[in-house]
Each structure stands twice: as structure tokens, then as C-alpha cells.
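One-letter residues, chain by chain:
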Amino acid sequence: MTVRTRIAPSPTGFLHLGTARTALYSWAYARHHGGQFVLRIEDTDVARSTQESVDQIIASMRWLGLDCDEGPIHQMERLARYHEVAEQLIAAGHAYRCWCTPEELDAMREAQRARGEKTRYDGRWRPEPGKVLPPAPAGVKPVVRFRNPPDGEVTWNDLVKGPITISNREIDDLIILRHPPEDATADLPEAARTLGVPTYNFAVVVDDWDMRITHVFRGDEHVNNTPWQINIFRAIAGHAAALPQYGHLPIILGDDGLKLSKRRGAVSVTAYEDAGYLPEAMLNYLARLGWSHGDEELFTREQMVAWFDGAHLARSPAQWDPAKLAWVNAHYLKLAGDTRLAGLVARHLQVRGIDAGEPARLGAACALFKDRCSTAVELADWISMLFVPVAPAPADLAAHVPDAIAPALRSLRERLAEVAWDKAAIAQALKDTLAEHRLKMPQLAPAVRVLVCGRAQTPSIDAVLALFERRAVLERLQHI
Ligand code: GLU
């Protein structure tokens, strides 16, 4: 058996962190077993799906390096197939047409609520031996419902949660195919109007079957859908066919202990890319959020693939920990090559309207500052001082630039105007100034830092000054 996994996002927004983690696990599981990973776009929610979202999802997957072997496969391009399977199910007695209007369904639910019952479809169009169905009303487009087995139970051994059993009495005959309302059809492909649009639980099964998916990882919220899906799967593929194995991953909680949600902070992969996180850090962090390999906290993508065999998946929700993510990112920032970082920082500077000029200079700056940063944005914060004037805080000026230091700063400035512009010559100019004015480095360097860099602490001042253009240093030292 070839392992085949998939990620099946709905293109109704950016790639959510939870979906990215599911994609990562699905991808790693396929890669671990030498299998295949499929990207399927579940775009049947026609009112909310957008091409922009599809593009964002694909870009985020690419950014994370989650390469797929097949796809993107769009469900809206497979409408004929869902229609065909729905017809087969009707012919085989596994599905039927239902002419209930939305008003009738509302009334049905209302009456059930009034009787204190659980709301569910009452089976009024469900064919039964000996039952006479009413004549189909004119002018109503029927939906297709799955004829769920009335008794028995559905059991599966969840890859994450272990054995789960749900009684068929708990679940009703769900709609598997419907025609979109007339007023919503303007932008829809012709096939949606003529063949109808499948619901999630139906399309997902047809696709998992057609695409020979062997393992389904997805969010916890789908546990309740799985019994329907297993029943539909058996109706389509027969009882002898191997079901996919399902693994439902617990939700991710925000650092406030509530479900990670857009309302309370960044939840999209794109937002983290924009905030200066590296894809390898995101992957490493997301991997550990719900899975472990011993005590390993930092590992490469290759190690993850080697280790990810579906075991050690956490059953309880993981908590999003921004401080840990920053720590992981800082680790990868240190490992990242300076040329690569220079490219990243140049883009972040560009967003601020700063043209960073030559890449070599930017690379040297990255090398000097990256140890102090957690994100590429912080790195850009440091490096921007090379290009835009700084505004030292009055408190820093008062503390580090006393009037008494002015003569030394003036002679340093004179020396710096003359020397060759490199770290060694700048260091010599500093030394000579200290000797001339009988000062120690801790009296002079903080003043230079505050005036030139706008902050009292920096890496070694000679190395920092060498990154600047001479002109900028001379100009900033003059403001005393
Ligand atoms: N489109 C569904 C979602 O985004 C996919 C669920 C599944 O993997 O079956 O939640």
C-alpha cells in the first residue's frame, strides 16, 4: 500500500496555523513512508471561496516548503463526478431525493424543539419498504440525501484519539447534493446549476476514495462528521474497501487558553511571514505543537520526516506560545546565511520605503546583528539606522552624552573624516581619541552609540560604525 495523504483547505481566507500544522503532519507522514501528498481545494462554499485565498494558500504552502505530488485539485471542477456518484447512490438505494423546502425544514425543527427533542431530519422523503411517498411538488428543486443506516454503530480507531464509536441513531440523513439558490447562481459555473453542488461530507468522501487517500489528518472539529463519512464511504466503495485511517488533531489554544482565533491575534501563516519568521522555524515550531520526538525541540525538516511515523501525537490541545516561537526563530536566524537574510531584510526595509542599496553591506549588517534578534523584522529595525536618521531619546542623551564628552567627540569626528573606512582604522581612531583625551572606552562609546545609532547598546562600536557610510557618521556626530 502506498501511503497517500492530503490537505484539503477551504479557500475562504488565509492558510490558518491549524491547517498549516495539519498540512505539515500529512506531508511529513507521506514523506516518511515514501508516499504521496495531495493538495485539494475544497471550494464548494461558493459564497465564501475566493481565488485570492487559493493563491494565498498555495503561496503559504510553498513558503513552508510543503511540496505536494498532486494538486491543487479543485472540487468545483469535479461537479460531474459528484453528480455521477450521487446518482449511483440513489440507484443503489443509499440516497434519495428530498423535496422539503427550507420553510418546511424550519417548521420541522421548531416542532421538534417544542417537543424537547433533538433537531434532525425526520425522514419524510426517505424511502422505506411499503411506505408511500407524497408526489413530488412542482417548482421545488430537490436535494439529495444520504440514507444513513438506521441502526448499528460506526467505529474507527483514530490515529490520535484511539477507538471512537458513534451510534447511527445519533445521526440523520444528511444532504449530500443541492442546487444553489437561484439568486446565488449568477457567478457559478453552468455545471453547478445543472448538476448541483455537493456538501462537504459528500465531496470529501468521493475525493478521498477517488484519490486513494489512505490517511486523513484533520482538525478535531471534524470528529462528528466522520461517522457520516464512513457510512458514505462504505456505500460508495463497499464494505470490503479499506477505509482511510482518520487522525483528529486537537485544537490549538491561544496563549490566553482560548481557541486561537483571528479576533485575538495573528492566525495566518502569511502574518508570520510578514512578521519576519523563517519558514524552517515555523515548521519546527508547528511540528512540536502537538507532536513530540523525545525531548527534541529543534530539528530539521529531514529529521522530522525521519521521525514522523504517526506516533506520539498529543491528545490534548496545544497552547500557542509566542515566546517559544520567537526562541525557535532566533535559533534559525542565527543559522541562516547572511546573503539570504540580506534579501529578507531588504524586503522588510522596502516595505518601510527604505532602499537598502548594495547587498554586501546588508549581509555584513545581518552578520553583526542577527544574534540579537528574534525575527527578520527586528533585524530590519536594527539595520534601518544605517539608512534613516535616528532620534536619540532625551534620557539617553542626558545619560550618555554629557557636555564634557564634546571635545573628545569632536576630535573623533576629525579623525574619522580622514581614516580609511574600515573596522581596523575606525578602531584605531577611537583608540587615539581615548589616549588624547585620557578617557576610557565606556565613557566614549555609549555617546557615539546614542548619537549615531540612537541607542546606548550595540555590538562592538568599530564594527557598527564600519557598516555606515562615513558621511552619515560624521553628520550624526556633529549634533552635539
Ligand atoms: N475543508 C475542510 C476544512 O478545511 C477539510 C476537512 C478535511 O480534511 O476533511 O476543514
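The rules behind the values
Residues numbered from 1 in each chain as written. Predicted model: local features only at pLDDT ≥ 70, side-chain atom pairs only at ≥ 80, totals over all residues. Heavy atoms only, no water. Helix = DSSP H or I, 4+ residues; strand = E, 2+ residues; numbered from the N terminus. Rg over C-alpha atoms; globule rule 2.2 N^0.38 Å. Buried < 20%, exposed > 50% of the residue type's maximum accessible area, 1.4 Å probe, protein only. Near = heavy atom within 4 Å. Polar contact = N/O pair within 3.5 Å; in protein donor to acceptor, adjacent residues only side chain to side chain. Areas by Shrake-Rupley, 256 points an atom, 1.4 Å probe, with all protein chains shown as cover. 1 Å grid on protein atoms, 1.4 Å probe; cavity = no way out; pocket = protein on both sides within 12 Å on 5 of 7 lines; lining within 4 Å. Sits in = over half its atoms within 2 Å of the grid points. Nonpolar A, V, L, I, M, F, W, Y, C, P; charged D, E, K, R; others polar. Pairing = 2+ DSSP bridges. Core = buried A, V, L, I, M, F, W, Y, C linked by side-chain atoms within 4.5 Å. Contact = heavy atoms within 4.5 Å. Phe/Tyr/Trp six-rings, centres within 6.5 Å; stacked < 30°, edge-to-face > 60°. Right-handed = clockwise from strand over helix to strand, strands pointing away.

Novice: Whenever I open this one, the overall build of the protein chain confuses me. Can you help?
Specialist: Within the protein chain, the regular secondary structure consists of 20 helices and 13 strands. For the protein chain, whose C-alpha radius of gyration is 31 Å, the value lies well above the compact-globule estimate of 23 Å for 480 residues. Taking the principal axes of its C-alpha atoms as reference, the protein chain extends roughly 110 × 50 × 40 Å. A total of 480 residues make up the protein chain; the buried ones form 48% of that total.

Novice: Could you clarify how one ought to interpret the site of the ligand in this entry?
Specialist: Around the ligand, a shell composed of Arg6, Ala8, Ser10, Glu42, Tyr200, Val204, Arg218 and His222 is seen. Alanine 8 has a polar backbone atom sitting 2.8 Å from a nitrogen atom of the ligand. In the model, an oxygen atom of the ligand is placed 2.7 Å from a nitrogen or oxygen of the tyrosine 200 side chain. Its free accessible area being 300 Å², the ligand has 83% of it covered by the protein chains. The site holding the ligand turns out to be the largest pocket. Taken together, the residues of the shell around the ligand sort by class into three nonpolar, two polar and three charged.

Novice: Please explain the sheet that holds strand β5 (residues 143-146) as it appears in this structure.
Specialist: Pairing is antiparallel across the open sheet formed by four strands, whose spatial order is β4-β5-β8-β9. Looking at strand neighbours, the two that pair on one side only are β4 (95-98) and β9 (197-198), the edges of this open sheet. Alignment of β5 against strand β8 (residues 175-178), held across two bridges, turns out to be antiparallel. Bridging from a neighbouring strand, valine 144 pairs with leucine 177 of β8.

Novice: Which parts of the structure should I look at to understand helix α6 (residues 200-210)?
Specialist: One turn of an α-helix holds 3.6 residues; hence residues three or four places apart share an orientation. The element α6 is extensively covered by neighbouring structure, given that eight of its eleven residues are classed as buried. Phi turns positive, to about 55°, at arginine 212, one or two residues after α6.

Novice: I keep staring at the nonpolar core and nothing clicks. Help me out?
Specialist: Side chains of a nonpolar character, in soluble globular proteins, are inclined to be buried together. One finds Trp320 and Ile383 to be the most contacted residues of the largest nonpolar core, which totals 99 residues. Counting residues per element, this core draws most heavily on helix α1 (residues 17-32), which supplies nine residues. In contact with isoleucine 383, other than residues within four places in its own chain, are Val345, Leu349, Leu362, Ala365, Cys366 and Phe369. Core analysis: the second largest hydrophobic core is formed by 26 residues, Val85, Leu188, Val205 and Val206 among them.

Novice: Got a minute to help me understand the packing of aromatic side chains in this structure?
Specialist: To describe a pair of aromatic rings, one takes the distance between the centres and the angle between the planes. In the structure shown here, the tally under the stated rule is twelve aromatic pairs. A centroid spacing of 6.4 Å and a plane angle of 65° characterise the contact between phenylalanine 217 and phenylalanine 308, whose relative ring orientation is edge-to-face. Note that phenylalanine 217 is positioned in strand β10 (residues 215-219) and phenylalanine 308 in the loop between α10 (301-307) and β13 (318-319), a separation of 91 residues in sequence. Judged by its relative accessible area of 0%, phenylalanine 308 is buried. Joined through ring pairs, the aromatic side chains of Tyr25, Tyr29, Phe217, Trp291, Phe299, Trp307 and Phe308 make up one cluster.

Novice: What exactly am I supposed to notice about the pairing of β10 here?
Specialist: Residues in a regular strand point their side chains to alternate faces of the sheet. Buried residues dominate β10, accounting for five of its five residues. By the bridge criterion, five bridges tie β10 to strand β11 (residues 245-249) in an arrangement that is parallel. Among the inter-strand pairings, glycine 219 is bridged to a residue of β11, identified as leucine 249. Between β10 and its parallel partner β11, the chain crosses via helix α7 (residues 226-237), and the hand of that crossover is right-handed.

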